[in-house]
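Residue-level structure breakdown
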Amino acid sequence: MSMILFACVVRVRDGLPLSASTDFHLNQDFLECRKRLKALSLILAQYPDRGTATGRGFNIHFHSSGDIACMGICTSTCPSVMAFCFLEELQWKFSASYDSTSISLATRPYAFLEFDNIIQKVKYHFNYTSCSQMKNSLEKIQEELKFHPPVLLKLEDTELMNGLINGHTQVHMGSAPTYRMQPVTPLGILSLVLNIMCGALNLIRGVHLAEYSFQEDHEGIGNVIAFLLSFLACIFQRHEVTLHNHIQCKVLRI
């Protein structure tokens with residue numbers, strides 16, 4: 001049975017997935033682990049270069065180096081030294097295939113999806129090659145882990161940290177401020193009334209002049225347009241007065 005089930009390469013600064021293995025597993029715990037891996041990828045910059053998040057039946061291992069991080073989902077029976085040896089091999093091959101400029105300029109997820117072919121080959125090699133054949137590589141990683149052990153996390157911790165980063169914190173209910181308009185001054189009321197009266201007068205005169213012009217001749221159409229424009233100007237001025245009073249509203253806490 002395979003111990004390394006899934007692997008992906010992400011950009012450290014923002015968690016953008018660059019490539020991933022196309023594996024299909026319908027196990028519900030595995031699918032949940034994939035969700036936690038995505039959450040963990042968003043906060044890799046906070047952790048050292050190696051780490052392990054343990055869960056129910058599955059573990060997430062990650063290895064960061066420069067701009068990228070290689071992450072993998074393994075069964076809980078997979079030795080950590082083998083998982084990190086696999087991730088280091090993956091990281092070396094990805095860095096040899098793509099330069100830092102193309103990695104930095106990537107804007108869409110899985111911009112290097114073709115790297116999946118290499119992921120599958122490396123994953124197959126580690127799943128079906130005996131440890132004795134990888135003795136030198138495993139001993140090298142074992143020595144590194146002895147002096148620099150990986151940080152240990154719980155999968156539940158990754159979900160909590162991701163929620164804090166994205167602002168999904170607990171909301172405390174409290175009394176909200178009540179907004180009340182500032183009372184209109186007498187001068188404002190007078191200005192509003194005069195604008196309404198002038199607008200109504202211009203509208204009435206324009207309508208009557210329009211009736212006369214269309215019945216007798218068409219020479220007075222210019223005057224009709226002038227009265228209607230005056231009416232629209234009054235309406236616009238009344239709107240400006242109302243907007244000015246609205247902007248001057250005060251926030252009062254009750």
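Before any of the text, the structure's been laid out above.
What comes next is a walk through the structure. (Residues numbered from 1 in each chain as written. Predicted model: local features only at pLDDT ≥ 70, side-chain atom pairs only at ≥ 80, totals over all residues. Heavy atoms only, no water.)

**Thoughts on the overall build of the chain**
Counted only if it meets this: Runs of H or I in DSSP of at least four residues are treated as helices and runs of E of at least two as strands, each being numbered from the N terminus. The cut-offs for exposure are 20% and 50% of the maximum accessible area for each residue type, with area from a 1.4 Å probe on protein chains only; residues under the lower value are buried, those over the upper are exposed, and the others partly exposed. Residue contacts are defined here by distance: any two heavy atoms, one from each residue, within 4.5 Å place the two residues in contact. Residue-level accessible areas treat just the shown protein chains as cover; the underlying method is Shrake-Rupley with a 1.4 Å probe.
Summing up its helical and strand segments, the chain has eight helices and eight strands in all. Taken over 254 residues, the chain has a buried fraction of 37%. Long-range contacts, defined here as pairs at least 24 residues apart, represent 70% of the contacts in the chain between residues at least 6 apart. Accessible area of the chain: about 16,000 Å², with a carbon and sulfur share of 61%.

**A short note on the packing of aromatic side chains**
Test applied: Ring pairs are drawn from Phe, Tyr and Trp, using the six-membered ring of Trp, whenever the two centres fall within 6.5 Å, and their geometry is named by plane angle: stacked under 30 degrees, edge-to-face over 60, tilted for the rest. Both a distance and an angle decide whether a charge sits over a ring: NZ of Lys or CZ of Arg must be within 6 Å of the ring centre and within 35 degrees of the ring normal.
If you walk through the whole model with that rule in mind, you get nine aromatic pairs. Measuring from ring centre to ring centre gives 6.2 Å for tyrosine 98 and phenylalanine 115, while their planes differ by 70°; the resulting arrangement is edge-to-face. Taken as a pair, tyrosine 98 in the loop between helix H2 (80-97) and helix H3 (100-105) and phenylalanine 115 in the loop between H3 and helix H4 (116-128) lie far apart in primary sequence, 17 residues in all. Take tyrosine 98 and phenylalanine 115: they sit in the same class, and that class is buried. Within the aromatic cluster, the residues linked to one another by ring pairs are Phe94, Tyr98, Phe112 and Phe115. Sitting above the plane of the phenylalanine 6 ring, arginine 34 keeps its charged end 4.1 Å from the centroid.

**Details of the nonpolar core**
Operational definition: Definition used in this section: a nonpolar core is a set of buried Ala, Val, Leu, Ile, Met, Phe, Trp, Tyr and Cys residues joined via side-chain atoms within 4.5 Å.
Grouped together as the largest cluster of nonpolar side chains are 31 residues, with contacts concentrated most on Leu18, Phe86, Leu90, Phe94 and Phe126. Elements represented by at least two residues in this core include exactly strand E1 (4-11), strand E5 (68-75), H2, H4 and helix H5 (135-147). Here this core takes nine residues from H2, the largest share from any one element. Those residues in contact with leucine 18 that lie beyond four places of it in its chain are Val9, Val10, Arg11, Ile68, Phe94, Ile103, Ala106, Tyr110, Ala111, Phe112 and Leu113.

**Considerations on a nonpolar patch on the surface**
Defined as follows: Patch criteria: residues need more than 30% relative accessible area and no salt bridge. Like-charged residues are merged within 9 Å; nonpolar side chains of Val, Leu, Ile, Met, Phe, Trp and Tyr are merged within 5 Å. Any carboxyl oxygen of Asp or Glu within 4 Å of a side-chain nitrogen of Lys or Arg constitutes a salt bridge here.
A cluster of nonpolar side chains, Leu187, Ile189, Leu190, Val193, Leu194 and Met197, forms an exposed patch at the surface whose accessible area comes to about 590 Å². On the secondary structure map, isoleucine 189 appears in helix H7 (residues 186-216). With a relative accessible area of 46%, isoleucine 189 lands in the partly exposed category.

**Brief notes about the sheet that holds strand E6 (residues 151-154)**
Here is the rule we go by: Whether two strands pair comes down to DSSP finding at least two bridges between them. In this analysis, axes come from line fits to C-alpha atoms, helices being fitted only over the stretch in contact, and the angle between any two N-to-C directions falls in the range 0 to 180 degrees.
Taken together, six strands build an open sheet; the order of strands is E2-E1-E5-E4-E3-E6 and the sheet is mixed. The strands lining the two open edges of the sheet, one partner per strand, are strand E2 (17-20) and E6. Across the sheet, the axes of successive neighbouring strands diverge by a mean angle of 20°, strand direction being ignored. Examined bridge by bridge, strand E4 (residues 58-65) and E5 share eight bridges and lie antiparallel to one another. Bridging across to E5, asparagine 59 finds its partner in cysteine 74. Sitting on the sheet, H2 touches E1, E2, strand E3 (50-54), E4 and E5, and the angle it makes with E4 is about 40°.

**Quick look at the side chain of serine 19**
Under the convention used in this document: What qualifies as a polar contact is a pair of N or O atoms within 3.5 Å, subject to a donor-acceptor requirement within protein and to the restriction that residues adjacent in sequence count only when both atoms come from side chains.
The residue serine 19 is located in strand E2 in this model. Under the relative-accessibility criterion, serine 19 is labelled buried at 0%. For serine 19, the side chain forms a polar contact with the main-chain oxygen of phenylalanine 112, separated by 2.9 Å. With residues near it in sequence (within four places) discarded, serine 19 still touches Cys8, Val9, Tyr110, Phe112, Leu113, Phe115, Asp116 and Ile119.

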